[in-house]
Amino acid sequence: MRLSSIFAIIAVVITGGILLYGVSDFPSFGDPKSPANAAVPGSESVSQYFITKSYKDTKVPNLVTSVLADYRGYDTMFETVVIFAAGMAIFAILGSVGGESQPRVQEEESSFVDGDHSRIIVGTTCRLLVPVIQVFALYVIGHGHYSPGGGFQGGVILAASFIIIALSSDLDAALRRLSEVNYLRLACVGILIYAGFGVLCQVLESNFLDYGVLQPILLTDGPEMARSHSMLGVEIGVAFTVTAIMFAIYANLSSRGTLRDGL
Amino acid sequence: MAEFFEQTLQPHFNFWIYVILMMIGLWALIAKNNLIKKLIGMSIFQTAIILFYVSLGVKEDATIPILDPYGQAEHAAADAEGAETEGEKKRDSYIGKKSPDPDTMANPLPHVLMLTAIVVGVATLGVALSITQMIFKEFGSLEEDEILEIVKGGGVDD
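The present account deals with the structure reproduced in this document. (Residues numbered from 1 in each chain as written. Chains lettered and ligands numbered in written order. Predicted model: local features only at pLDDT ≥ 70, side-chain atom pairs only at ≥ 80, totals over all residues. Heavy atoms only, no water.)

## Topic: the overall build of chain A
Okay, step 1: On a plain count of helices and strands, chain A comes out with 10 helices and 0 strands.
Okay, step 2: With the principal axes as the frame, chain A shows a C-alpha extent of 75 × 65 × 35 Å.
Okay, step 3: Every one of the 263 residues in chain A was classed for burial, and the buried ones make up 45%.
Okay, step 4: Excluding contacts between residues fewer than 6 apart, the proportion of contacts in chain A whose partners are at least 24 apart in sequence is 61%.
Okay, step 5: Carbon and sulfur atoms make up 66% of the accessible area of chain A, which totals about 13000 Å². (Helix = DSSP H or I, 4+ residues; strand = E, 2+ residues; numbered from the N terminus. Buried < 20%, exposed > 50% of the residue type's maximum accessible area, 1.4 Å probe, protein only. Contact = heavy atoms within 4.5 Å. Areas by Shrake-Rupley, 256 points an atom, 1.4 Å probe, with all protein chains shown as cover.)

## Comments concerning the packing of aromatic side chains
For any pair of aromatic rings, geometry is given as the distance between the ring centres together with the angle between the planes.
Residues and elements named next belong to chain A.
Okay, step 1: Going through the model one piece at a time under the given rule, you end up with 13 aromatic pairs over all chains.
Okay, step 2: With a centroid separation of 6.1 Å and 35° between ring planes, the pair formed by phenylalanine 136 and tyrosine 139 is classed as tilted. A residue pair is termed a helical-turn pair when its members lie 3 or 4 positions apart in one helix, as phenylalanine 136 and tyrosine 139 do in helix 5 (residues 117-142) at 3 residues.
Okay, step 3: A relative accessible area of 44% places phenylalanine 136 in the partly exposed class.
Okay, step 4: Summarising the aromatic geometry, the rings of tyrosine 183 and phenylalanine 247 are spaced 5.7 Å apart at their centres and angled 85° between planes, so their arrangement reads as edge-to-face. Of the two residues, tyrosine 183 sits in helix 8 (residues 180-203) while phenylalanine 247 sits in helix 10 (residues 223-254), which places them 64 residues apart along the sequence. The residues tyrosine 183 and phenylalanine 247 share a single accessibility class, namely buried. (Phe/Tyr/Trp six-rings, centres within 6.5 Å; stacked < 30°, edge-to-face > 60°.)

## What to know about the nonpolar core
A general trend in soluble globular proteins is that nonpolar side chains are found buried together.
Okay, step 1: Membership of the largest hydrophobic core comes to 56 residues, with the highest contact counts inside it found for Phe152(A), Tyr183(A), Tyr194(A), Tyr211(A) and Phe247(A).
Okay, step 2: Those elements that provide at least two residues to this core are helix 3 (63-71), helix 4 (73-94), helix 5, helix 6 (151-168), helix 7 (171-177), helix 8 and helix 10 of chain A together with helix 6 (108-139) of chain B.
Okay, step 3: Looking at which element gives the most residues to this core, the answer is helix 10 of chain A, with 13 residues.
Okay, step 4: Once residues within four sequence positions are removed from consideration, Phe152(A) is found in contact with Leu68(A), Thr76(A), Glu79(A), Thr80(A), Val238(A), Val242(A), Leu115(B) and Val119(B).
Okay, step 5: Grouped together as the second largest cluster of nonpolar side chains are 12 residues, Val12(A), Trp16(B), Tyr18(B) and Leu56(B) included. (Core = buried A, V, L, I, M, F, W, Y, C linked by side-chain atoms within 4.5 Å.)

## Considering the interface of chain A and chain B
Okay, step 1: Counting residues at the interface gives 58 residues for chain A and 55 residues for chain B.
Okay, step 2: Interface of chain A and chain B: buried area, both sides summed, is about 5000 Å²; carbon and sulfur atoms make up 75% of it.
Okay, step 3: In this assembly, chain A and chain B are joined by 0 salt bridges.
Okay, step 4: Among the elements of the structure, helix 1 (3-23), helix 2 (46-58), helix 3, helix 4, helix 6 and helix 10 of chain A are those that each provide at least two residues to the side of chain A that touches chain B. (Buried area = accessible area lost by both parts, 1.4 Å probe. Salt bridge = Lys/Arg side-chain N within 4 Å of Asp/Glu carboxyl O.)

## Topic: empty space enclosed by the protein
The gaps of empty space that remain are located by a probe, the size of a water molecule, rolled over the atoms.
Okay, step 1: Taken as a whole and assessed by the stated rule, the structure comprises 2 cavities of 30 Å³ or more.
Okay, step 2: Its volume calculated, the largest cavity comes out at about 50 Å³.
Okay, step 3: Lining the largest cavity are Pro27(A), Ser28(A), Phe29(A), Gly30(A), Asp31(A), Ser34(A), Asn37(A), Phe15(B), Ser55(B), Leu56(B) and Val58(B).
Okay, step 4: The class makeup of the residues in the lining of the largest cavity is 5 nonpolar, 5 polar and 1 charged. (1 Å grid on protein atoms, 1.4 Å probe; cavity = no way out; pocket = protein on both sides within 12 Å on 5 of 7 lines; lining within 4 Å. Points joined across faces, edges and corners; volume = space filled by probe spheres on them. Nonpolar A, V, L, I, M, F, W, Y, C, P; charged D, E, K, R; others polar.)

## Description of the pattern of salt bridges
Okay, step 1: The full count for this structure, using the stated rule, is 4 salt bridges over all chains.
Okay, step 2: Measuring nitrogen to oxygen at the nearest pair gives 3.1 Å for the salt bridge that ties Asp75(A) to Arg72(A).
Okay, step 3: You can call Asp75(A) partly exposed: its relative accessible area is 27%.
Okay, step 4: Measuring nitrogen to oxygen at the nearest pair gives 3.6 Å for the salt bridge that ties Lys38(B) to Glu144(B). Taken together, the residues Lys38(B) in helix 3 (residues 35-56) and Glu144(B) in helix 7 (residues 144-152) connect sequence positions 106 residues apart.
Okay, step 5: By relative accessible area, which is 14% here, Lys38(B) ends up buried.
Okay, step 6: When salt bridges that share partners are traced, they join Asp70(A), Asp210(A) and Arg227(A) into one network.

## A short note on helix 3 of chain A
Okay, step 1: Most of helix 3 of chain A is tucked away, with 8 of its 9 residues classed as buried.
Okay, step 2: Listing the buried residues of helix 3 of chain A in full gives Leu63(A), Val64(A), Thr65(A), Ser66(A), Val67(A), Leu68(A), Ala69(A) and Asp70(A).
Okay, step 3: Turning to helix 3 of chain A, the residues buried within the fold contact helix 2, helix 4, helix 6, helix 8 and helix 10 of chain A together with helix 6 of chain B.

This is the structure we're talking about:
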C-alpha cells in the first residue's frame, strides 16, 4: 500500500469519527419537531411558513415550486446562470466555439440499410420513444407547479430525448434537430426570459422578481395568480437553458469538442 | 453492544449511512490515482450531502409537500372514512381552504436547496469531465502520478 493511501485512510477516519460523534446529538429520523422542521414553540419557522402560507401567497399547490421560483427566485436565477456558465466553460475548455468552420458531411439520414440489423431495432425503438419522451418533458415543465416537476427536471428530460437521438444514430442526427447555434441561442433565451421577468417587475416599480405587480400584464384575477403564472414563465426559461446546456455538455464531451461523430 | 445499537445507532442510522458514504467519497478523492475515479468519489460525496439534507426534511407519517387543489383523492378518502372531523379537516387543508398542518407535510425547504445542489453538481461534473478530457489529450494519461512525472520532467516528449 502506498504511503499516501495510509494518510488518506487516517484523514478519512478522523473526519468520519468527528462527524459520527457529532451525529449522536442530531434529532432522530422523521422527527416533526426537529429544529429543521419546527421553530421553538410560540414562533413559526421558515419552512412552517412555506407550508401554511405559500398557497395563499402564490396559489401554487406544489410548495417546492413556489419556494423555488418565488421565495427563492433570486437563488434559482443564479442557479440557472451557474448552468449557463458551466456550459460556457465547457465550450471554452473543449474549444468548439469560434473554431474553424467544420464542413459537416451530409450523410444519409439513416444508416440502417447497411445490413446491421441491431441498428434497425434500436433506431425504430428510439424513433417511437422520442416523441413520447418530449411530450412528457413538456408536461413536466408545464405542470410543474401542480405536480412534481418543474423547469430543471423537465429540461433534463427534454435534453435526454436529444441525447437518445444522438446515441441511437449519431451526433449529427441530433445536431440537425438542435444545432450548435440553436442550442446556444436557446440557453441565452432561457436566462433572458428569467431575468426579463425580474426586470419587468422593476419597470412596474416593484422589487426584482416580485411577480405580484405583473397582474395587469398577465390579466389574472389577482396578484396571487400573477405569481403563479409568472412562475410558469420562469420555469420555461429555466427549462430552455437546462435543455440546451445538458445537450451541449453531452455533445461536446462525447465528441471531444469537435461536434462530429460522437460516441 | 445492544445498548449502543439501540441508543446510538438506531435513531441515527440515516446519518451513519451518510457519514460512511461521505467517507467513501472522501477516500476516493484523496487516495485514488485515476482522475475519473476521483470524480466518482466526488459524486459519491455530493450524494451523501444531498441525502443528508433530504433526510432532515422527513417527518414521520407526512406526505409530499404538494397540496391537492382538486382534492379528489382526499374527497374519496374522507367519504370512505365517513369521518366528519378528521377527514374534512384533512380535505379542507388539502384543497387550500384551511392552511395545512405543517406536521402533515415534508419540509419543502431542504428539497429546494438540494435541487440547487444537484444542478450545481451536474454542472461541476460536466466541467470536470471536460477538463479531464483535455488532460488526457495533453498528457495521454489519466493517472495522477504519470501526469505529475510528465509535468516535473518538463512537459510532453512528443
